Amino acid sequence: LIATKQAPTASNADMQDVAAPIISRTMFNNQFTFETFLHNAKNVFPVASAKEVAKADISPKYNPLVIAGPSGSGKTHLLRAIAHSIIEHRGENSMFLGNIEDLAALYQDGSPGARFEMRKKIVQKNFFLLDDLQRLEDFPILQEELIALFDAFHDNNKQMVFCCTDGLTAHDFLLPTLRSRLE
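Residues numbered from 1 in each chain as written. Predicted model: local features only at pLDDT ≥ 70, side-chain atom pairs only at ≥ 80, totals over all residues. Heavy atoms only, no water.

Student: I'd like a description of the environment of Arg181, backed by residues and values.
Tutor: Here Arg181 lies in helix H7 (residues 176-182). The spatial distance from the C-alpha of Arg181 to the C-alpha of Ile147 is 8.0 Å, given a sequence separation of 34 residues. In contact with Arg181, not counting residues within four places along its chain, are Pro64, Ile147, Phe150 and Asp151. Here the side chain of Arg181 touches Asp151 through a polar contact of 2.7 Å, side chain to side chain. (Helix = DSSP H or I, 4+ residues; strand = E, 2+ residues; numbered from the N terminus. Contact = heavy atoms within 4.5 Å. Polar contact = N/O pair within 3.5 Å; in protein donor to acceptor, adjacent residues only side chain to side chain.)

What follows is the structure, given as structure tokens:
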């Protein structure tokens, strides 16, 4: 996970953490675009929805957008294509892009103060893109944090995109409050 920051100066010292992108470099790759995605009759709606979400100049239409399907169906490619489009139009400072492991690494200091500070940094982004939601089973403490992040993004009309293997109903470990927000 890369978080780049400007060198502190008197004028930008307070803003450097806000402007720092939180993007997993293993998740972002320029080869994953809408143009390189293989379209077929089964994925017309997910592709159209992803393209709509990627339009950075409109308020969220599908929020959250949950992309679910079997392994190998292109969920991560679509998530990365959304990220690629957002970066082209808004810059990388406007989003969080990662998977559950990336999010867990950011929250590895489990103290309430550290969690609150990390949440504050993430919710200042305009887009929250999270892959491998099914891996949340391995990090149960993140469920409450995802609820807080979800509420903050939703209340501020900011776009969220989640990818998971299979549908949400297949993941019985999800807290009811998180599941209801994602459905």
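Student: Provide a residue-level description of helix H6 (residues 142-155), including the pertinent values.
Tutor: Its 14 residues place the ends of H6 20 Å apart at the C-alpha level, agreeing with the 20 Å of an ideal helix rising 1.5 Å per residue. For H6, the set of buried residues is Leu142, Gln143, Glu145, Leu146, Ile147, Leu149, Phe150, Ala152 and Phe153. In the core, the buried residues of H6 are packed alongside helix H4 (100-106), helix H5 (112-123), strand E4 (127-131), strand E5 (159-165) and H7. Positive backbone phi, approximately 55°, marks Asn157, located one or two places after H6. (Expected span 1.5 Å × (residues − 1). Buried < 20%, exposed > 50% of the residue type's maximum accessible area, 1.4 Å probe, protein only.)

Student: Pulling in residues and values, what's your account of helix H2 (residues 44-54)?
Tutor: Considered for burial, the residues of H2 that qualify are Val47, Ser49, Ala50, Val53 and Ala54. An end-on view of H2 places all buried positions within 165° of arc, on one side of the element. Counted as exposed and oriented over 90 degrees from the buried face of H2: Val44 and Phe45. (Arc of directions from axis to C-beta.)

Student: Tell me about the packing of H5 against H6, residues and numbers included.
Tutor: The geometry of H5 relative to H6 is characterised by a closest axis approach of 10 Å and an angle of 35° between their N-to-C directions. The interaxial crossing formed by H5 with H6 has right-handed handedness. Contact with H5, carried on its side by Arg115, Arg119, Ile122 and Val123, involves Glu145, Ala148, Leu149, Ala152 and Phe153 of H6 and no other residues of that element. For the contact of H5 with H6, the class distribution of residues is 6 nonpolar, no polar and 3 charged. (Axes fitted to C-alpha atoms, helices over the stretch in contact; angles between N-to-C directions. Left-handed = near helix turned anticlockwise from the far one by under 90°. Nonpolar A, V, L, I, M, F, W, Y, C, P; charged D, E, K, R; others polar.)

Student: Run through the confidence of the model for the protein chain, naming residues and quoting values.
Tutor: When the pLDDT values of the protein chain are averaged, the result is 81; 81% of them are 70 or greater. Low pLDDT, under 50, characterises residues 1-21; the stretch is placed with 33 contacts to residues that sit more than four places away or in other chains. (pLDDT = per-residue confidence, 0-100.)

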